[in-house]
Amino acid sequence: MPQTASDFIYLDHAATTPVRREVLDAMLPFLGDRFGNPSSMHRWGREARVALDEARERVAATLGARTDEICFTSGGTEADNLAILGAWHRRREERPAVVTSPFEHKAVLATAHQVAREGGEERLVRVTPEGTVDAEDAERLIDEAVAVVSIMWVNNEIGTIQDVPRIGAAARARGALMHTDAVQAFGKVAIDLAAQPIDLLSISGHKIGAPKGIGAIFVRRGVQIEPLFHGGSQDRGRRPGTENVAFAVGLATAAELAVRDREKEQARLRALRDELELAVLAAVPDAVIHGNGAPRVAHISSISVPGIDAESLLMALDLEGIAASAGSACQSGSVTPSHVLAAMGVRPEIATAAVRMSLGSLSTPEAIRHVAERFPALVLKARDFSGLAAESAALSLA
Amino acid sequence: MAGGSKGRVLVAMSGGVDSSVTAGLLVEQGYDVVGVTMKLFCHGDDVPDRPCCSLDSINDARRVCDTLGVPHYVLNMESAFGRDVVDDFVREYARGRTPIPCVRCNTFTKFRDLVHKADAIGARWVATGHYARVLDGRLHRGLDPAKDQSYFLWGIDRAVLSRLLLPVGALTKPETRARARSMGLRVVAEKVESQDICFVPHGDHARVVAARLGSDAPALARGNFVRADGSVVGQHDGFVRYTVGQRRGLPGGFAEPMFVTEIRAATREVVIGPRAELLGRGVVARELRWLVDAPLVGEHVEIQVRHRSTPAPAEIVRMDGDEIELALDEPVAAIAPGQSLVLYRGDLVLGGGVIEGARRALPVLAA
């Protein structure tokens, strides 16, 4: 059993990341002396306002956007809600439908369901067995009745990259708005909103080393959306409420660092991830790596070991100090069947075995080597206890 | 040192005081404790104004483990619990019987499925907060007669006994609460005990049956109250609401207090009668399981036909495969099909089965 902090290995960066030192340092003044309300006319207010505007400008620059196209939110979920509901509420008279995929994050899926509850139409694009959204099917579903299309850029459970620019072009051709949840993509794939046909985009701070509770939405100039909240005129009325200046500064700092380090960090993580996956496959040849046949980001690895449920394996890993996760968890913290793998047509017994390991700033070569050794060992141990697994092993030998 | 020298134990924690103290005692005794809470049912993510079912209990268990400095996990066992426990519960009620889901939960969910989880994390031991004791690999009543829960444990696999730890079985309930306070487990020390079946909201089992089988199921349809001779004496709103031995909700106007003596699902009749008609001189049970080497026909034992009833002396008169029949020294009232028959010798639990029915006449030992 691990005894000290250095014995613990964090492999859940897709869930959240630690706040970076530079980010914390940048935020601290705004939690101290520079506490002003950016809407105030006095010196405290002016100071806060300048910091907020600067933060907005810096976030915009990391996305290839213009300053006025960035609106701060409480996080990815709010940004997704604002994008989809905001766009649909504005356009529903002429365009009652929304298009999304069945393997989106719940923040998008549940919002699309809300559209349906409010009388709209929800259209779901097919997901391929390889784990990507079928762009051809998307092109077929997008027509003049569609208000907004929402397709995630990088899937949060399996790490596959969707062809968002292609689907965005299809949306644009038919007058629909294109939204993408880029929470797992930002800082991992190249985003240039000056060139890419995307109208709305969501990012989240805590996946990239900023705190929980801050995110942003890109709203392309000229795109009209209805606000979710009602109140003051902050952020052009798109998002009333006194702005969280400190966290906005934190998000800007984290975003700059993430984009600056993107290529180098992806290369580093890809090498570690590949090493980990190869080690698992070598020891457990029937392990399934989800999304392996599709373009994937470097930091996410989703692995199923047939015959071993994810719940047991995650416990065994945690008891050795290795923190990973299942695809999705409900409020209680228990593992629930993955809607992502179900959408790909993965068999339930394989889907319930899926364990997600996600790499990031805390992933050192030593840590990954340790996991590469322990993961297969725990799998083999758990298999010893499972009669079912013993049977299937016997069958595969025969 | 953390980690524990006596080996790893998986503790099933409900968020209540008994299982919390169980975990605390095992930490004190030097075990490497891993707490788990089983999520057994969910009334739906689709009901947004209701918190996730049993969430508060799960959070309490997690806080207790945090206080004790041990890990805690939530295990999603909904589908197996639904299949092994809830489905059977509904099926039994639909047959006019009175099931005990806690027995099946112990048999299948806690002491089979959960033991598999223990295996997967290399835990030599499993523990629960039951008031019962394992002595020399044999199951005994809890020391506190007011709390004894051995009645619910007859169905567990005998092989599990050698790795089962039930530390609160040696305590009284007030002692358990006192231990909770001294361990600093304020969250749970004063918690009021729930007598409800965990997955049945407000004790309304008819609603669970209706939700599963539809409100037009025969068990929920109007039927007759009859006397043993077949004479109709009134009407009821569904036999699912009645249990053998029940007095509440019966037609009035009789000289003596009346009880449900039988439920005839096929004709939807609820038979009522005076106390004399409620008495059984024998009992038949099925799905037998033994926690010791099986006793022989002709042996004298004590039996219980419900939780907290006085043990009644009886003689085993027949055993065929997994069916048993006993003759009762004295008549026993309200032997309800679906409840458990548990056989004891003093504090020692011999085994048990599911009650099939009572015999009104004294059974005799086959020659």
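**Student:** Could you clarify how one ought to interpret the overall build of chain A in this entry?
**Tutor:** Check the secondary structure of chain A and you find 12 helices and 14 strands. For chain A, whose C-alpha radius of gyration is 22 Å, the value lies close to the compact-globule estimate of 21 Å for 398 residues. Looking at the 398 residues of chain A, the share that counts as buried comes to 51%. Long-range pairs, those at least 24 residues apart, make up 73% of the contacts in chain A between residues at least 6 apart in sequence.

**Student:** How should the overall build of chain B be read in this particular structure?
**Tutor:** Per the secondary structure count, chain B includes seven helices and 17 strands. Classification of the 367 residues of chain B by burial places 47% in the buried group. In chain B, the proportion of contacts linking residues at least 24 apart, taken out of those at least 6 apart, comes to 64%.

**Student:** How should I be thinking about the confidence of the model for chain B in this particular structure?
**Tutor:** Interpreting fine coordinate detail is not advised for predicted regions of low pLDDT. All names here are of chain B. This prediction gives chain B a mean pLDDT of 93; 95% of its residues lie at or above 70. Low pLDDT, under 50, characterises residues 45-52; the predicted model gives this stretch five contacts beyond four residues in sequence or across chains. The complex model carries a pTM of 0.90, and its ipTM stands at 0.86.

**Student:** For this particular structure, what's the right way to read the packing of helix α3 (residues 78-94) of chain B against helix α7 (residues 205-213) of chain B?
**Tutor:** Between two packed helices, the angle of one axis relative to the other and the distance separating the axes together describe the packing. Residues and elements named next belong to chain B. Where α3 meets α7, the axes come as close as 10 Å, and the angle between the chain directions of the two elements is 100°. Put simply, α3 runs roughly perpendicular to α7. Contacts between α3 and α7 pair Val-90, Tyr-93 and Ala-94 from the former with His-205, Val-208, Val-209, Arg-212 and Leu-213 from the latter. Within the contact of α3 with α7, the residues separate by chemical class into six nonpolar, one polar and one charged.

**Student:** Sorry, what's going on with the pairing of strand β5 (residues 132-135) of chain B here?
**Tutor:** A regular strand carries its side chains on alternate faces of the sheet. Residue and element names in this part refer to chain B. In the sheet, β5 pairs with strand β6 (residues 138-141) via four bridges, with the strands oriented antiparallel. Looking at β6, one finds that Leu-135 is bridged to Arg-138. Between the end of β5 and the start of β6, which pair antiparallel, lie two residues, with Asp-136 showing a positive phi angle near 50°.

**Student:** Is there a simple way to explain the confidence of the model for chain A in this structure?
**Tutor:** Averaged over chain A, the pLDDT score is 93; the fraction of residues at 70 or greater is 93%. Under a pLDDT of 50 for its full length, residues 387-398 of chain A has, in the predicted model, seven contacts with residues more than four places off or in other chains.

**Student:** Before we go on, may I ask you to explain the packing of helix α3 (residues 76-91) of chain A against helix α4 (residues 106-117) of chain A in this structure?
**Tutor:** All names here are of chain A. Relative orientation of the contacting elements α3 and α4 amounts to 30°, with a least axis distance of 9 Å. One finds that α3 runs roughly parallel with respect to α4. Note that α3 runs across α4; the crossing there is right-handed. Residues Gly-76, Thr-77, Asp-80, Asn-81, Ile-84, Leu-85 and Trp-88 of α3 form the contact with α4, whose participating residues are Ala-107, Val-108, Thr-111, Ala-112, Gln-114 and Val-115. A class-by-class count of the residues in the contact of α3 with α4 yields seven nonpolar, five polar and one charged.

**Student:** Got a minute to help me understand the sheet that holds strand β7 (residues 164-165) of chain B in this structure?
**Tutor:** As a general point, the strands of a sheet are linked pairwise by backbone hydrogen bonds and lie either parallel or antiparallel. All names here are of chain B. Pairing is parallel across the open sheet formed by five strands, whose spatial order is β3-β2-β1-β4-β7. Of all strands in the sheet, those with a lone pairing partner are β3 (72-76) and β7, marking the two edges. Its contacts with the sheet put helix α1 (residues 17-28) on β1 (8-12), β2 (32-39), β4 (125-127) and β7, and the angle it makes with β1 is roughly 165°. The sheet contacts of helix α2 (residues 55-68) involve β2 and β3, and relative to β2 the element is tilted by about 175°.

**Student:** Just checking my understanding: could you explain the environment of Val-226 of chain B for this structure?
**Tutor:** Residue and element names in this part refer to chain B. Tracing the backbone through its elements, the reader meets Val-226 in strand β8 (residues 223-226). Taking the C-alpha atoms as reference, Val-226 lies 56 Å from Ser-182; in sequence the two are 44 residues apart. Contacts of Val-226, omitting those with residues within four sequence positions, involve Ser-231, Val-232, Val-233, Glu-269 and Val-271.

**Student:** What is the right way to read helix α2 (residues 43-63) of chain A from this model?
**Tutor:** Residues three or four positions apart in an α-helix share a direction because the helix packs 3.6 residues into each turn. All names here are of chain A. Its 21 residues place the ends of α2 31 Å apart at the C-alpha level, agreeing with the 30 Å of an ideal helix rising 1.5 Å per residue. Buried residues of α2: Ala-48, Ala-51, Leu-52, Ala-55, Arg-56, Val-59, Ala-60, Thr-62 and Leu-63, and no others. Its buried side turned inward, α2 meets β2 (70-73), β8 (215-219) and α7 (245-283). Downstream of α2 by one or two residues, Gly-64 has phi in the positive range, about 70°.

**Student:** I would appreciate a short explanation of the nonpolar core in the present structure.
**Tutor:** Across soluble globular proteins, nonpolar side chains show a tendency to be buried alongside one another. Residues and elements named next belong to chain A. Within the largest apolar cluster, 231 residues are counted, with the highest numbers of intra-cluster contacts made by Leu-251 and Leu-313. Considering each element in turn, this core owes the most residues, 15 residues, to α7. Each residue touching Leu-313, except ones within four places of it in the same chain, is listed here: Val-305, Ile-308, Val-355, Leu-378, Val-379 and Ala-382.

**Student:** Hey, could you run me through the sheet that holds strand β9 (residues 232-236) of chain B in this one?
**Tutor:** Residues and elements named next belong to chain B. If you trace the four strands from one edge of the open sheet to the other, you get β9-β8-β11-β10, paired in mixed fashion. Lying at the two open borders of the sheet, with one neighbouring strand each, are β9 and β10 (259-264). Pairwise comparison of adjacent strand axes, ignoring direction, gives a mean angle of 30° for this sheet.

**Student:** Got a minute to help me understand the pairing of strand β10 (residues 300-304) of chain A in this structure?
**Tutor:** All names here are of chain A. Of all five residues making up β10, five are buried, and the element is well covered by its neighbours. The alternating pattern of β10 places Ile-300, Ser-302 and Ser-304 on one face and Ser-301 and Ile-303 on the opposite face, and all of these are buried. Note: strand β9 (residues 288-289) against β10, two bridges, orientation antiparallel. Note that in β10 the partner of Val-288 across the bridge is Ser-304. Both β10 and strand β14 (residues 354-358) contribute to a ladder of five bridges, which runs antiparallel. By the bridge assignment, Ile-300 is partnered in β14 with Ser-358.

**Student:** Looking at this structure, how should I read the environment of Met-183 of chain B?
**Tutor:** All names here are of chain B. Following the sequence through the fold, Met-183 ends up in the loop between α5 (173-182) and α6 (186-189). Met-183 sits in the buried class, given 20 other C-beta atoms within 10 Å. Considered as a pair, Met-183 and Glu-28 are 155 residues apart in the sequence and their alpha carbons are 9.8 Å apart.

**Student:** Where do I start with α1 of chain B in this structure?
**Tutor:** Residues and elements named next belong to chain B. With 12 residues, α1 extends 16 Å from end C-alpha to end C-alpha; this agrees with the ideal 16 Å at 1.5 Å per step. In terms of burial, α1 is largely enclosed, as 11 of its 12 residues are buried. Looking only at α1, the buried set comprises Val-17, Asp-18, Ser-19, Ser-20, Val-21, Thr-22, Ala-23, Gly-24, Leu-25, Leu-26 and Val-27. Downstream of α1 by a residue or two, Gly-30 has a phi angle that is positive, lying close to 95°.

Rules behind the numbers
Residues numbered from 1 in each chain as written. Chains lettered and ligands numbered in written order. Predicted model: local features only at pLDDT ≥ 70, side-chain atom pairs only at ≥ 80, totals over all residues. Helix = DSSP H or I, 4+ residues; strand = E, 2+ residues; numbered from the N terminus. Rg over C-alpha atoms; globule rule 2.2 N^0.38 Å. Buried ≥ 20, exposed ≤ 12 C-beta atoms within 10 Å, placed from the backbone. Contact = placed C-beta atoms within 7 Å. pLDDT = per-residue confidence, 0-100. Axes fitted to C-alpha atoms, helices over the stretch in contact; angles between N-to-C directions. Parallel < 35°, antiparallel > 145°, perpendicular 65-115°, else oblique. Nonpolar A, V, L, I, M, F, W, Y, C, P; charged D, E, K, R; others polar. Pairing = 2+ DSSP bridges. Left-handed = near helix turned anticlockwise from the far one by under 90°. Expected span 1.5 Å × (residues − 1). Core = buried A, V, L, I, M, F, W, Y, C linked by C-beta atoms within 7 Å.

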